[in-house]
Every structure is written in C-alpha cells, then in structure tokens.
Amino acid sequence: MSSSTEAAGLDPTVLRDKLFELWQWKDLQTLHLEALEGFSKLSEPLVALLTILECVPGKQKGRSHTLGQHIVMEFQTWMKQHPQVTLSSLTEQQSAALQRQALSLLVDAQSNFIDSLINIYQLRSLDPAVLRLHIMRLQGLMCYKEAAVISIKLQLQKELDMEEMCVPLIVQNKFPLAESYVTGHSHLEKQLVILLDSWCHPTFSVLDITKKFPNLSLLKVWKDQIHPKVLTKQVFRLMEKFNIEQGLCPNAVHKRRLDSLRFLMYARFVERSMSEENWCDHVQYVVADDFELQIHLVKMLVKYCTIQTAAQWSVRYSIPRNQLPFGVWETQQSLPPHVLQISASNSVQTEWMPSQSHCEKFYQVPLAKDKVHFVDTLEALQKCQNIVLKEETIVGVDMEWPPKFGCNPTQVSLIQLAISDQVFLLDLCEKGFCHHPETVSFIRNLFSRKNVLKLGYGMSGDIKCVLATWQQFLKEPLKLEGTLDLLNIHQKIQRNKIKMTQDGPKEVLVGEDSAEKGLSLLVQQILGKPLDKTEQMSNWERRPLRTSQIRYAVADAYCLLDVYSVLARNPACFGLPANLRGITSSQLGNSGDKKKKANQTEQMDQAQVKDECQRAQRVSQSRSDTEKGLLCGEKPSEESPPLAPQQLRVVCDNMLQGLGRYLRCLGVDVIMLENTDDHRVAAKLAQAEGRVILTCGQPFQSLRSQVGEGRCLSLDCSEKARDQAVRVLRHFNVQPTPGDIFSRCQACNSNEYVVVPNKDMVTMLTQKGFLQDWDSTDHTQQQDEEMTQNVTSDLPRYALQCQWAPLSGLDPSTLTFPGGAPIQLHTVPPGLLPKISFFYICTRCGKVFWEGSHFTRVLSMFHEVLHIADNM
C-alpha cells in the first residue's frame, strides 16, 4: 500500500506489544515516537491498526484514557503525514470488510475513540442497515449508553426507534444523554416530550415500562426519575428548550395547574398570605376551562373553606350535580341568587400611608407618594434616564411579573428603579412603550453602565425574565456591569452566623423564630422589620394598580438602598469584607473545602459519625440525650429508652407524603411539604421547630448541609411508604401503641379535639340545613335511651395522647372554632347518626371523626410495626 513500507512489513503484534510495554511504563513520549515509526513499517496500516486494537486492554484503574485511544490518536497524526493511506486505495469489497471490522470495535462510549475510528474508516458511508444492526446488537446486550453515543456519532437517529433508545437511558438516570440524542431533530424532540407527558397521566404505572422492557435493570433511581413531579419539570423545561406547544403536553400542563391550585388553596386558607382578590385572579387563571380542575377546585374549597364558597364556585363553572361533593348541591338550592355570585372586592385604595399597626410591623419607605413616578411614555422615560444614569448613582432594582405558575413564559410587567429621594416605576404593560427602541436602549444602558451601581436580590431570576421580555437581548447579549446581588451578601452573612453559633449553645438558625425568608428576612435582620409580602403574588398586569401594590413595589426596590447603606457603613460587624462590591457567589465557599468535605463524606467511618453526633448535640441543647444520639443517625442501642411517637417531630419532603401520613396516623408530629414547596422549606422548618428532615434522593446532601449533620435522614424512595415507616420507627426507637393510632388529626397534624355528643351534632346539622328532609324523632328517642344507659361519655382510646377543648369555645352562630376553622359538617352522612354516640372534631381544621371499623383496619395494617416496636 505504501512505498515507504518494507517488503515484508512489521508484524502488527510486535508493534502492539512494544506499545503496550511503553504504556505500562507510562512513557508516553517514547510511545509517540515508536508509534509513528512503527506505522510506517506496516505493510497494510489500515488492516494492522484493527488487528492491534482488537487485542489491546480496555479501561485501567487510574487512567483517564485507554491504550486503544492513544494508538488511534497517534495513527490519525501519522495519517496526516501519509495522506495516500485511505480506504479509497482499496477495493470496494476490502473497504467494506474493514469498515465492518472497525464497526465491531465500537462498543465503548469514549468519544475520542469513536470519532477517530469513524473518521479513519469513514463509517458514516456504511449501509444504514448494517449500522442499525450494530446498534440493535448493543441494545440487546443492554449497552444502552454506548448504543446512544454511537448512534449520535453516526447520525442514525432517523433510522432508529426513539422510544427503544431513550426509555432505558431515562430509567438508568441518563436523561441528559437521551436529551442529546433527540436534540436537533424536531420530530424526535416532539416524540420525547410527548412520551414524557404520557408518563404524567394519573393512570400511568412504571409496570407499563417493565412490560415493554423486561430486561432493564432496576436501579434505586428508577422511581425518582419516573416520579410525576420530576417528569413535569422535565416536560416544561424541554417544551421551552425545543419550542414545543403546550397543547401537545396536556398531562404535564394539568399536573402543573393542579399543583398550582393546591398551592393557592394553602396560601389563601392555611398561611392566609394572599388576599381574596389576588386569590380569585390566580384561581381563574390556573383553572381556566379545564373541567377536571374546576371539580378539584370545588372539592378543595369544601375542605379548606366553607361549603357556601364551594357552592358559589360550582355555580360559576356550571358543574353538574353528580360531580359535586356531598352537600354542595343542597347549599346551592338554599342560597338566594345574589349570594351565589362571586364578588371579590376590587377596591383601589387612595390612602398612601398605611395604618399605624402596619407601620409598626413592617418596613416603610421614607418617601411621599409624589416621589413615586410612573414611567409609561418616552417623555417620562427621558426624565428617568437623566436622573438614574448619572455617574456614581446607586440604584435599587426590582421587577414584578404576574405568577404564571410555570404554565407560560414569564415577562416583566413592572420595573422599579429606586434612588435616594425618588422611585421610578417602568410600566411595561404598555406594549408600545415596552418594545420601543428607546426603552430597549435604556435597559441596555442601565445594566451596562459600570459607574452606576445596581443593587438587586436574586438578580439571575430578574435577568431571565428580562430576556423573556426582550428577545433582542438573546441575539445581542445584555452586558452586565456594575451590579451587586445582595443575595450573595445575605448568603455570606448566613454562613458566618452558622459558623459563629455552631460552637455555642444556640441553635443554628438565621432569623430565629421568624417566618420570613429571602429579601424580607434580610431586611428584618438588617433594618429590624420585614417586608409586607401580601401583594407579592398580585396580578401585576392589571391596571390601575392598587395603592397597596404600588407600596409593595416601591418598598421592594427602596429597601435595597437602606440595606446596602447599613452594610457599607460597618461591613465587619456582619463578617463581610470592606469591599462589598467584590462579593460574588463564587466567594461563598472554597471549592477546595467542598472537595475535601465530599471526600470526608465518602470515607466517613465510625469515629467521624460520633464527631458529627457531638456537633449535633451542641447545635440543639434542648434535645434530650437519647434524642441527640438518634438524630445523629446512630443505631439505637438496646439499653436506650424507647420514645413515644409524640416525642418525635419530623418534616417530610414532598417525595415522602405517603410516609408522612403513616407516621401521623401513629401519632408522630409530622409536617408534610406540599408538592409545590421547595426542598429548602424543609430545612427552614427543621431549624425553626427543631424537627428532623425525612427525605430521599438528591435533596439529601443539600438539606443535610443546611441543617447540620445528624438532622436529616435519607430513605429509599423505591420502598413502600409503610416499609419506610418501619425503618423510621426502628431508627429512632419509637414504640407506638394502639392508643397512639389516630391521636393526631390526619388532615392538619393537630392533636386538639372537642367531643360533640350525638344530640348536639344533630342540632348543628339541622341548623346548617343538612337534615332538612330527615325525620329525627325516632332517632332522638333511641339515642336518649342509649345515652341514659351510658352516661360516662367515654373518650376514645387515644384520649390520653390528645388535648381536649371545651365545646363552649365553639361559636354557636357560625359553628367555627376560635382559630376560624368551620366544622366540616358536610362530611357527616345523615345515615351515620343512629349508630354513633360521640363525634370528635379537630379544633384546627374542623375535620369530624368518629369511631368505626377504620381503626381495626389500620391496626391490622400496622400490626407488624407495632410488633417490631414491642420487640426492639
């Protein structure tokens, strides 16, 4: 083949052995020279290369590359000096044989090796049927990663079945590779997103996958990857990345909207952090014309609010009688038409100054209303620009947008620019003004001016919305100069406080006993009072804005100036360097420390576990010695005294809601995160209330770092919730008894009840119109006889584990408890009244309980758990 080769040529096996010896000695320089010289002595270099590669060893410990990779790279270098060595110099039959032989070596996913062989032997020119058979052989050997990588390199996506390729990758926690496989092929992108969306359907089961792919190995991450919450996030991310219409993903959209609806119910009726008007706006946006969501809304209102409110919304959406919860239809019929109309207050306040109580409780901006300027014309923009863009100006920057709950791209509605003596509000809902070239130019100039300091909090989110609002900033990137994100400074302050308190008796908690978070927490820590966040989730597209909205928007931007002023005067007091502008997110932790910590985590032995226990004990001195040892993750000793369920206080991540319900059923004090809650909420609750975090999967490392070692227990998500409960009970040496079952409200976790005799329950149901057609004469007489025979009014078996409130605390007219919760009378079937002597009502949420066969079923379900506890 080559005139430079010797007549006999060098034996490929001799060259292979020589190169292998040099590889073993790690003499790469000599290997390079020997390879180039040896290739020139081969009689048929292309044939010899394959002979060498077939016999070289694969991956070796401590080596990032294989010998095969090295030889192939050296051969490519040699080929550049010998351009005559190509497949074109061979016959078509010889060339095809070498290509098939080279293709058989493509069983490794190392990118350089694959690229080199493809280029040397021009494998993309092979018959697609031959290439496809090779990929199918790899799939049959369950080499899914290798099959995907080689398919991408050979550009075979159109020749192969997307589902056959991507499903195994997703299941085996290789989602990025599945995403890379379809990227650039619009039809495959759509197929992948539609497939993931089908897995978001409520009736979908992982068994459907196992039936189609029976040979898949089930990893621990299996169920984590197929969880509806995870899938929904992936679907929305890919819809945005691939520019796919939401109409193609009805299941993910429905799931996201349902989760949003749950969040709105919690924010309005549990946290009470949202006004009625804001809640009505968002509910109508989320529910839209989805009939299933409309039914869900009515059911949730029955649970969270009142049956009258549920009846009002059921009328608005014309929900059929057979789809309504018990009692809603009857309430509709009993209420006059004007009451059934929903009328959220839409009052626009004119008072700029809030009430005295508001001023005492929340941070206030020291500006009169005439110092707040709306900017919605070019003339107003010019005045704003002349003031804000002066050299050495410090500007507080904040932005508002209506919550879209992840269902649509978020665009900015309002930009607040605060300087020392006035605030400008850029109204971007004026479309002519928003997209005018002068407005776009002003935004670009504002963020690129080095000599104008822009203060923000979590500015990455603001910039993301800016890019969604002005697409031109994607083509000509926005240059960010002279910005300072106070979120980075806040994180540094928090880290400093944690370091200072770990060796002291105080709990590790920044903003202790505070419900604030984010910017509001920073303002409270630095300025003494938090922000009023009531209007945070307002409809910022509605015009005119309410006065309370304007106050909120102004305060969010102006507080940045006040916080920066305090920090800049005495940075050392907060553990900050003198140059605040030099603090970036990269300075929050030393990367070397993180690597060291990771290594320590991997190599942690028993001595390190004990050390963690000691540190955990210092963090919370209020814990008993027994609890401290358990919190640290030590296996309870046989001598350690058992814990009653009431002594264990936990917060369950939203991936473990089933576990939380089981533990609560056994009397454990459990807070469960909602589906829409961020994992960080668990850390905050654990810090504030001394709870242990129960989590699973990836959030464990992050949560453990936030609450300290020994305060976070990781569970296996592939286990059933009941088995997880057994594991938790064993871990903490908790020994429940039958008397603990149902000692806590299953709905809200409260352990305070009120006893309502049957006669009083009948009166309440009659008062609220639930017994209009029910003849209670015979029942009352029978019940009086039973009450006479059993005057003792026995409390349930779990009475000693609960707190009992007097019935006198109930408001007789509204039938609500002091906390505002109405009795959920609609859940009491009239046919139950002749059988039940006493009802037990939770004073926090109003849920009604009674003795029945449910206890026997639960006792049977938890018999093993109770048996385990008894024999610990």
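An account of the accompanying structure is given in this report.

## Observations concerning helix α1 (residues 12–24)
Part 1: In this model, α1 (13 residues) spans 18 Å end to end at C-alpha, consistent with the 18 Å of a helix rising 1.5 Å per residue.
Part 2: Listing the buried residues of α1 in full gives P12, L15, R16, L19, L22 and W23. The buried side chains of α1 occupy one side of the element, clustering within an arc of 130 degrees when seen end-on.
Part 3: Where α1 is buried, its residues meet α2 (28–41), α3 (45–55) and α4 (67–81).
Part 4: Just past α1, the residue K26 takes up positive phi, approximately 60 degrees.

## Points about the packing of aromatic side chains
Part 1: Across all of its chains, the model carries 13 aromatic pairs by this definition.
Part 2: Considering the side-chain rings of F75 and W78, the 5.4 Å spacing of their centres and the 40 degrees angle between planes classify their relative orientation as tilted. Separated by three residues within a single helix, F75 and W78 lie in helix α4, roughly one turn from each other.
Part 3: A relative accessible area of 1% means that W78 is categorised as buried.
Part 4: Cation over ring: R256 sits above F236, and NZ or CZ is 4.2 Å from the ring centre.

## Some words on the sheet that holds strand β13 (residues 838–842)
By definition, the strands of a sheet pair up through backbone hydrogen bonds, in either a parallel or an antiparallel sense.
Part 1: The strand order β12-β11-β13-β14 describes an open sheet built from four strands, whose pairing is mixed. Lying at the two open borders of the sheet, with one neighbouring strand each, are β12 (803–805) and β14 (848–849).
Part 2: Two strands pair when backbone bridges link them, and β13 and β14 are joined in this way by two bridges, in the antiparallel orientation. Within the sheet, the bridge partner assigned to Y840 lies in β14 and is F849.
Part 3: On top of the sheet, helix α37 (residues 758–767) reaches β11 (752–757), β13 and β14; it is set at about 90 degrees to β11, its chief contact.

## Section: the pairing of strand β3 (residues 414–419)
Part 1: Counted residue by residue, β3 has six buried out of six residues, so it is predominantly covered.
Part 2: Neither face of β3 is exposed, since L414, Q416 and A418 on one face and I415, L417 and I419 on the opposite face are all buried.
Part 3: In terms of strand pairing, strand β2 (residues 394–400) meets β3 through five bridges, oriented antiparallel. Pairing of V397 across the sheet is with L417, part of β3.
Part 4: Note: β3 against strand β4 (residues 422–427), six bridges, orientation antiparallel. Note on β4: the bridge partner recorded for Q416 is L425.
Part 5: The loop that links β3 with its antiparallel partner β4 comprises two residues.

Cut-off values and rules
- Residues numbered from 1 in each chain as written.
- Predicted model: local features only at pLDDT ≥ 70, side-chain atom pairs only at ≥ 80, totals over all residues.
- Heavy atoms only, no water.
- Helix = DSSP H or I, 4+ residues; strand = E, 2+ residues; numbered from the N terminus.
- Expected span 1.5 Å × (residues − 1).
- Buried < 20%, exposed > 50% of the residue type's maximum accessible area, 1.4 Å probe, protein only.
- Arc of directions from axis to C-beta.
- Contact = heavy atoms within 4.5 Å.
- Phe/Tyr/Trp six-rings, centres within 6.5 Å; stacked < 30°, edge-to-face > 60°.
- Lys NZ or Arg CZ within 6 Å of the ring centre and 35° of its normal.
- Pairing = 2+ DSSP bridges.
- Axes fitted to C-alpha atoms, helices over the stretch in contact; angles between N-to-C directions.

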